[in-house]
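Summary of the model geometry
Below are the chains, spelled out letter by letter.
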Amino acid sequence: MKAKAMRFLKLLGNRLLGILRAIAGFIMKLWRHPKGRVGLIVVTLLVVCAIFAPLIAPYDPYDVTQRAAKGLSPSWSHLLGTTITTGQDIFSMLIYGTRVSLIVGLVTGISIAFLGAIMGVIAGYVGGAADTAIMRTVDVMLVIPTLPLTIVLTNLFGKSYLMIIFIFVLFGWTGLARVIRSLVLVLKNANYVRAAELAGASRGHIMFRHILPGVSHLLIMNTALTCAGVMIAEAGLSFLGLGDPTAISWGKMLAEAQGGGALLFGHWWWIIAPGIGIFLAVFSFMRIGLVMEEILNPRMKQSSSIYKIFKNLNNTYMEEVFASMDENAKLGLTLKAGEES
Amino acid sequence: MANDKTREPIMVLENLSVDFPVKGALPFQKRKLIQAVTDVSLTIASGETFGIVGESGCGKSTIANAMVGMVKPTGGKVIFKGKDLFSLPREEFKELRRDMQMIFQDPFSSLNPRFNVYQIISEPMFIRGGSTPDEMKARVIELLKLVGLSEKDLYRHPSDFSGGQRQRIGIARAIILNPDFLICDEPVSALDVSVHAQILNLLMELQEQLKMTYVFISHNLAVVKNLCDQMIVMYLGKVMESGATKAIYANPLHPYTNALLTAVLDIDIDNQRERVLLEGDIPSPIDPPKGCRFYQRCPFAMAGCKHVAAPLVEVEPNHFVSCHKINGFPADSDSAENRTPLRADDGQV
């Protein structure tokens, strides 16, 4: 009994180690890719901001009692000034806003990956009635307009980020499930799966040893891209006032800036700051997702248009250099020829 | 290559039929059936090599899949070691099926690209359970040496190997549980011609060492001629000719077998047969002809071949043919009208 437990623990440990190693491998691949490195650095910065927000932020962003400090312009004591309405430190709010974005983005992204993978694999591998049921559900989910539903649900059950995450996950897994299903349909007819079946493999064995690893790259990529999408959506919902009214988020900061007269008084930093926050978060996750796609699907590898322009510029420049070199060479030759003759 | 009649049968197919339903294009349209395999009976003796020959789409692979229980037959029985595979309880079925393994045609899709060689080869052992990692590793190394790879390859991935080497890995995986019955589904057709002989020799050596029974599915007639003791020739899901390989090659009776054999170029120029060229392609197995399946392409087809089914008849000991031209029509349909040739008798259509 004890030996069995030990063996199970060892297996579990090995499995966990394997997952960690896979993640480390992915990070190393991202790091080696110039675009991926940018995304990785920005995401790391954001995560550090979110975790150590109380240490980084110079003021308490929730402190609305600083009557004297209302509407200050950026200075060394208030890097991004203070709000006009309540005198909160905008830089501190920006740092704290990272938390909401990252938590909503990551929790939603990972939950969608789990749900989408489970549904997609069941639909593809088990097939039959399960497949029909899941795919018809997906079809229905895809045509439900999410925004009005979100407004209704948040008003019914209270405005909280949990509600927003729940709604995002509820409607977000459908697309992923479709993609996973089609990949599973290909994988389950692979000859190595048939060989395993011949050896008496159970469905669980085939799912966990052959099919899930086969779709894992899609899952990781999709998680990064969903995170980016969800962050934008969360900012939009917060801006509309559907987020948790007590939390500080970038979307809500934008709404406050608009309501507090930032444009009227020309306090552009109040609007730009959360905008840059949203941009950085979405940009970095998008970058990571796209680079992963490129790494995993080498056929897609192509230089971006900006890179091409630079390359062309370089080429014309180099051609000029070569041409002048040629001319010099010719001159040199003719000179030499002249000397000789 | 021994042809010992006294050996007990290891695999028997009794009137095996496999149909696949095809959905009609319109709702309420009658469902059509693809008759992949129709009424095939054969007996494979323990220790022999059994060849299945035919064009693509004639049901060779379906027979293989039915033998290993991956496809449920719509009719007939698959009897392995005296037990009807499809009436066994699930656990017993799995247990019995461990004695059968398969070597796949395409060595590129039959190995999981994410696994290393050790994981690939040891997988059947891992699934069966009850072995420690050390035992599995020792066994894998033993097998690697047996199939002509080295211990160094243990942790490499399939992408590091050539087609021939991959096929060796596939063979090692197939024999790790000591099966008695190995189905080789065109094991060399995806490989370079230069490695054909190596892989075939390896298979023959393994058969001698491990006393396995082989089913060899191929459209390469030279391979079948050299390796197989018994063979069947299939066309559109039915057996056209069956018997000892030597007898069939020496005296091909069925027009289809004849066409197949003469299509192979012989290196010996004096030994050329007159080539029989078949017109057209193999017809669709949806709604196959009622009579002889081959009549549409047969140079000797008669009016009766269209609607009178041709049974397999033993023309000489251990040599069966299904052809009205050889066997004559059954008494009840033997008329001059049925015997009128469909085509000009020079063999050209």
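As a reminder, the structure under discussion sits directly above these lines.
Read on for a plain summary of the structure. Because the structure is a prediction, the values reported are computed rather than measured.

What follows concerns the overall build of chain A. Helix and strand counts for chain A come out as 13 helices and 0 strands. Counting from the amino terminus, helix and strand elements in chain A follow one another as α-α-α-α-α-α-α-α-α-α-α-α-α. When burial is assessed residue by residue, chain A has 40% of its 341 residues classed as buried. Of the contacts formed within chain A by residues at least 6 apart in sequence, a portion of 73% connects residues at least 24 apart. Total accessible area on chain A is roughly 19200 Å²; 70% of this is exposed by carbon and sulfur atoms.

Residue and element names in this part refer to chain B. Relative to the elements of secondary structure, glutamine 35 occurs in strand β2 (residues 32-45). Along the primary structure glutamine 35 and leucine 277 are separated by 242 residues, whereas in three dimensions their C-alpha atoms are 26 Å apart. Setting aside its immediate chain neighbours within four residues, glutamine 35 contacts Val18, Asp19, Leu236, Pro285, Pro288 and Arg293. At a separation of 3.1 Å, a polar atom in the side chain of glutamine 35 contacts the side chain of arginine 293.

The interface is formed by 18 residues belonging to chain A together with 22 residues belonging to chain B. Buried area between chain A and chain B, both sides added, is near 1900 Å², and the carbon and sulfur share of it is 55%. Of all residues in chain A, the largest losses of buried area upon contact with chain B belong to A:Tyr192, A:Leu198 and A:Arg209, amounting jointly to 35% of the total for that side. Taken together, chain A and chain B are joined by 0 salt bridges. Across the chain A-chain B interface, the total number found is 10 residue pairs in polar contact (both at pLDDT 80 or more). For the side of chain A that touches chain B, the element with the most residues is helix α8 (residues 191-198) of chain A, which contributes 7 residues. When the residues that make up the side of chain A that touches chain B are grouped by side-chain class, the tally is 8 nonpolar, 7 polar and 3 charged.

Here we take up the sheet that holds strand β5 (residues 83-84) of chain B. All names here are of chain B. The 4 strands are arranged β2-β1-β4-β5 in an open sheet whose pairing can be described as antiparallel. With one partner strand each, in any of the chains shown, β2 and β5 form the two edges of the open sheet. In terms of strand pairing, strand β4 (residues 75-80) meets β5 through 2 bridges, oriented antiparallel. Along β5, the bridge assignment pairs isoleucine 79 with aspartate 84. Sitting on the sheet, helix α1 (residues 60-67) is in contact with β1 (9-22), β2 and β4, with an inclination near 115 degrees to β1.

Attention now goes to unusual backbone geometry. Residue and element names in this part refer to chain B. The phi dihedral of glutamate 186 is positive, around 45 degrees, even though this residue is not glycine. Within the secondary structure, glutamate 186 sits in the loop between β7 (181-185) and α6 (193-210). According to the relative accessible area criterion, glutamate 186 is buried, its value standing at 8%. One non-glycine residue, leucine 236, adopts positive backbone phi at about 50 degrees. With respect to the helices and strands, leucine 236 occurs in the loop between β9 (230-235) and β10 (238-244). Leucine 236 gets classed as buried once you look at its relative accessible area, which sits at 1%.

So, on to the pairing of β7(B). Residues and elements named next belong to chain B. Along β7, 5 of the 5 residues are buried, which leaves the element largely enclosed by surrounding structure. Along β7, one buried face is formed by Phe181, Ile183 and Asp185 and the opposite face, lined by Leu182 and Cys184, is buried too. Both strand β6 (residues 100-103) and β7 contribute to a ladder of 4 bridges, which runs parallel. The residue of β7 that forms the bridge with methionine 102 is isoleucine 183. Across 5 bridges, the pairing between β7 and strand β8 (residues 213-218) is parallel. Considered in β8, the bridge of phenylalanine 181 is made with threonine 213. Crossover connection from β7 via α6 to parallel β8: handedness right-handed.

Thresholds applied
- Residues numbered from 1 in each chain as written.
- Chains lettered and ligands numbered in written order.
- Predicted model: local features only at pLDDT ≥ 70, side-chain atom pairs only at ≥ 80, totals over all residues.
- Heavy atoms only, no water.
- Helix = DSSP H or I, 4+ residues; strand = E, 2+ residues; numbered from the N terminus.
- Buried < 20%, exposed > 50% of the residue type's maximum accessible area, 1.4 Å probe, protein only.
- Contact = heavy atoms within 4.5 Å.
- Areas by Shrake-Rupley, 256 points an atom, 1.4 Å probe, with all protein chains shown as cover.
- Polar contact = N/O pair within 3.5 Å; in protein donor to acceptor, adjacent residues only side chain to side chain.
- Buried area = accessible area lost by both parts, 1.4 Å probe.
- Salt bridge = Lys/Arg side-chain N within 4 Å of Asp/Glu carboxyl O.
- Nonpolar A, V, L, I, M, F, W, Y, C, P; charged D, E, K, R; others polar.
- Pairing = 2+ DSSP bridges.
- Axes fitted to C-alpha atoms, helices over the stretch in contact; angles between N-to-C directions.
- Right-handed = clockwise from strand over helix to strand, strands pointing away.

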